[in-house]
Amino acid sequence: MITFLIAIALLIGGYFTYGLFVERVFAVKRQRRTPAHALRDDIDYLPMKTPRNALIQLLNIAGVGPIFGPILGALYGPVAFLWIVIGCIFAGAVHDYLTGMISIRNHGAHLPQLAGKFLGKSMKHIVNGFAILLLLLVGTVFVTSPAALLANMSSFNITLIILAIFAYYLVATLLPIDKVIGRIYPYFGALLLFSALGIGIALIVTGAPIPELSLTNMHPEGAPIFPLLFLTISCGALSGFHATQTPIISRTTENEDNGRRIFYGMMIAEGIIAMIWAAAAMSLFNGSQGLNEVLASGGPAAVVSAVSTQMLGAIGGTLAVLGVIVLPITSGDTAFRSARMIIADYLKIGQKQFSSRLWIAIPLFVASYGLTHIDFTLLWRYFSWANQTTAVIALWVGTMYLVLAKKPHWITSIPAVFMTMATFTYLAYAPIGFGLPLNVSYVVAALGTLIAIALFMKRVRRLSRATFAVDEPEVPDGAFGMIKRAISPQS
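Residues numbered from 1 in each chain as written. Predicted model: local features only at pLDDT ≥ 70, side-chain atom pairs only at ≥ 80, totals over all residues. Heavy atoms only, no water.

K.L.:
Break down the overall build of the protein for me, with residues and values.
P.N.:
Looking only at helices and strands, the protein features 19 helices and zero strands. Rg of the C-alpha trace for the protein: 21 Å, near the compact-globule value of 23 Å for 491 residues, within the 12% margin. With 491 residues in all, the protein has 61% of them scored as buried. Taking the intrachain contacts of the protein between residues at least 6 apart in sequence as the baseline, contacts between residues at least 24 apart amount to 85%. Of the roughly 18100 Å² of accessible surface on the protein, a fraction of 68% belongs to carbon and sulfur atoms. The distance from the centre of the 32 positive side-chain charges to the centre of the 20 negative ones in the protein is 10 Å. (Helix = DSSP H or I, 4+ residues; strand = E, 2+ residues; numbered from the N terminus. Rg over C-alpha atoms; globule rule 2.2 N^0.38 Å. Buried < 20%, exposed > 50% of the residue type's maximum accessible area, 1.4 Å probe, protein only. Contact = heavy atoms within 4.5 Å. Areas by Shrake-Rupley, 256 points an atom, 1.4 Å probe, with all protein chains shown as cover. Lys, Arg positive; Asp, Glu negative; His and termini not counted. Charge placed at Lys NZ, Arg CZ, Asp CG, Glu CD.)

As structure tokens, then:
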């Protein structure tokens, strides 16, 4: 398990080295008032301590993705380790950090507002619809997956479990963030840590036969590594869903100096979770073929149950599965909360009144309940594509910010170009897309990527000729009512 241990060490080291470099590139301003103080409304904007913010951020972003995704990605073999480490350090954590910090500098703006400001007014409307679609898919996936795990552990009807989870989501979506999410997440966090660390330590103690690094494609069906692996393993390496979650915490962050620990650090923690589950899936089922058989019979949830019981026994395994259940539930609640906030910002509807929150939330839950009747495998494929496409948009937003701020933009432009190529290839090749031959898909994706770069450069030239402030001005005392509504996109 040398590869596994080195990978964990690299992830941890990445936080203290590359994470520090990215922080210095952004250049935090410790004296600048954050939205938590300047726009405080005690609903979505309010200061919370860094440990709590960090834990909420981890539970927000670490849904079922860093477990189910790496389990599915383990079919490709140890090459999955490479993507988790490189993707997490140089793409995912940078994506999360810049999304969070740019949001802080722009009054806690969500991704659609930031896309409108940096990429053009039309992008605001496109990303707004796209973000709502992604959050609906995320919320639905994060209802059905924990419901399936709970149904396997108990005799309860799965429909009743789904309705119970929806009831919790509704409460968490409507009440102030510190009333439910801020209070129960520490307990959920304890289960999460027990689950991830328990499995990881058990792998080491038992000497599990974790395979060493190999670039060989071990997928039993011969599925191509590029682009499929890079969309299968999203959470744990790079996830656009995080761009919808970081603004929730950007509105509760006390000081910009806390950003690296909250945004970059929690993505590294998610990468470690992904490594542990990918390693477990590779080592405990006699190779990719055995893993594929388990997945065919019961999906990723069956793998989770088998790994937890085999590694930690009946009682420990049950607690570990509960920890896995916690992950999607604590991302699903904030997915709906984020969707409610994005719609409110887009329509300029104040959220101080409970009724204003309610009438936005109800249609979201009705639509999500309808999506629970769709086949999970198909739902996951659409989620994977929507997730990584959102990541591409967020990376281009970060790149534009850095270009206009005259800072080293390659920290986001390189992963932005790579993932643009990957998502275009997937759209052209995958059955849910155009179903083209792989070689043709590469050509189509290359042309699409070049067009995206050209449009980006055109936007850069336009904004460079104008007076453009990458950061919104600080909110002066007494200006809360005038500025809180939203950022006006600059064209």
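K.L.:
Give a detailed account of the state of the cysteines, specifying residues and quantitative values.
P.N.:
Covalent bonding between the sulfur atoms of two cysteines defines a disulfide. All chains considered together, the criterion is met by zero disulfides. With no disulfide partner, cysteine 88 has as its closest neighbouring cysteine sulfur the one in cysteine 235, 11 Å distant. Given the relative accessible area of 0%, cysteine 88 is considered buried. By relative accessible area, cysteine 235 is classed as buried at 0%. (Disulfide = S-S within 2.5 Å.)

K.L.:
Describe the confidence of the model for the protein, and please don't skip the residues or the numbers.
P.N.:
Mean pLDDT over the protein stands at 87; residues scoring 70 or higher make up 95%. Of all secondary-structure elements in the protein, the lowest mean pLDDT belongs to helix H19 (residues 480-483), at 49, while helix H2 (residues 18-26) reaches the highest, 98. (pLDDT = per-residue confidence, 0-100.)

K.L.:
Explain the environment of alanine 109 to me, and be specific about the residues and the numbers.
P.N.:
Its place among the elements puts alanine 109 in the loop between helix H6 (79-105) and helix H7 (111-119). For alanine 109, a relative accessible area of 1% puts it in the buried group. Placed 126 residues apart in sequence, alanine 109 and cysteine 235 show a C-alpha to C-alpha distance of 22 Å.

K.L.:
Provide a residue-level description of the pattern of salt bridges, including the pertinent values.
P.N.:
Once their charged atoms are close, side chains differing in charge can pair, the charge on each being opposite to the other. A complete count under the given rule lists eleven salt bridges for this structure. Between glutamate 256 and arginine 32 there is a salt bridge whose closest N-O contact spans 3.9 Å. Note that glutamate 256 is positioned in the loop between helix H12 (241-250) and helix H13 (259-283) and arginine 32 in the loop between H2 and helix H3 (35-38), a separation of 224 residues in sequence. Taking the relative accessible area as the measure of exposure, arginine 32 reaches 12% and is therefore buried. Aspartate 44 is the salt-bridge partner of arginine 340, the closest N and O atoms lying 3.1 Å from each other. Remark: aspartate 44 occurs in the loop between H3 and helix H4 (50-61) and arginine 340 occurs in helix H14 (residues 287-347); sequence separation between them is 296 residues. Neither arginine 340 nor aspartate 44 differs from the other in exposure class; each is buried. Each of Arg32, Arg105, Glu256 and Asp471 takes part in one network of salt bridges that share partners. (Salt bridge = Lys/Arg side-chain N within 4 Å of Asp/Glu carboxyl O.)

K.L.:
Residue-level account of the packing of aromatic side chains, with values.
P.N.:
With the rule as written, the count across this model stands at 23 aromatic pairs. Members of the aromatic cluster, each reached through a chain of ring pairs, are Phe166, Tyr168, Tyr169, Phe336, Phe365 and Tyr369. In this arrangement the basic side chain of arginine 260 is found over the ring face of tyrosine 15, its NZ or CZ atom lying 4.7 Å from the centre. When the ring centre of phenylalanine 26 is taken as reference, the NZ or CZ atom of lysine 407 above it lies at 5.4 Å. (Phe/Tyr/Trp six-rings, centres within 6.5 Å; stacked < 30°, edge-to-face > 60°. Lys NZ or Arg CZ within 6 Å of the ring centre and 35° of its normal.)

K.L.:
Quick rundown of helix H9 (residues 158-174)? Include the residues and the values.
P.N.:
Relative to the 24 Å expected for 17 residues at 1.5 Å per residue, H9 spans 25 Å between its end C-alpha atoms, a close match to the ideal helical length. Within the sequence span of H9, burial applies to Ile161, Ile162, Ile165, Phe166, Tyr168, Tyr169, Ala172, Thr173 and Leu174. If you check the start of H9, you find a side-chain oxygen 2.7 Å away from the backbone N of threonine 159, and it comes from asparagine 157. (Expected span 1.5 Å × (residues − 1). Polar contact = N/O pair within 3.5 Å; in protein donor to acceptor, adjacent residues only side chain to side chain.)

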